[in-house]
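Commentary on secondary and tertiary structure
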Amino acid sequence: MASANDIKIDDYVDITDVVCPVTFVKAKVAIEELETGQILSVHMNGGEPLQNVPRSMKEEGHRVLKLTANDDGTYDLIVEKGEEE
């Protein structure tokens, strides 16, 4: 996994204010706006988003680079956009 210092974040989405399944929908819309190879940072809560969003991103063909736990119980998921199908 890459460290945060070598990753250039191209876009950021905060999904802490929504619940599943809207969490993944909001993250998916954000990553669809990027070009292949660009990086999205997803700020999310634990629980269902933590279980579902990384898995769903992988299923959509994107690459999870890093998942970081924050002191406030939230998480930051760093995802590289995969190729369009």
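The notes below deal with the structure included here. (Residues numbered from 1 in each chain as written. Predicted model: local features only at pLDDT ≥ 70, side-chain atom pairs only at ≥ 80, totals over all residues. Heavy atoms only, no water.)

Moving on, we get to the overall build of the protein. Within the protein, the regular secondary structure consists of two helices and four strands. For the protein, the N- to C-terminal ordering of α and β elements is β-α-β-α-β-β. Here the protein has a C-alpha radius of gyration of 12 Å; the compact-globule value for 85 residues is 12 Å, and the two agree. Considered along the principal axes of its C-alpha atoms, the protein spans approximately 30 × 30 × 20 Å. (Helix = DSSP H or I, 4+ residues; strand = E, 2+ residues; numbered from the N terminus. Rg over C-alpha atoms; globule rule 2.2 N^0.38 Å.)

On to the pairing of strand β2 (residues 39–45), then. A large share of β2 lies buried, amounting to six of its seven residues. Here strand β1 (residues 11–14) runs beside β2; their pairing, made up of four bridges, is parallel. Its bridge partner being in β2, D11 is matched across the sheet by L40. The β-α-β motif built from β1, the intervening helix α1 (residues 22–32) and the parallel element β2 has right-handed crossover chirality. In this sheet, strand β4 (residues 74–80) lies alongside β2 in antiparallel orientation, the contact comprising seven bridges. Paired with I39 across the strands is E80, a residue of β4. (Buried < 20%, exposed > 50% of the residue type's maximum accessible area, 1.4 Å probe, protein only. Pairing = 2+ DSSP bridges. Right-handed = clockwise from strand over helix to strand, strands pointing away.)

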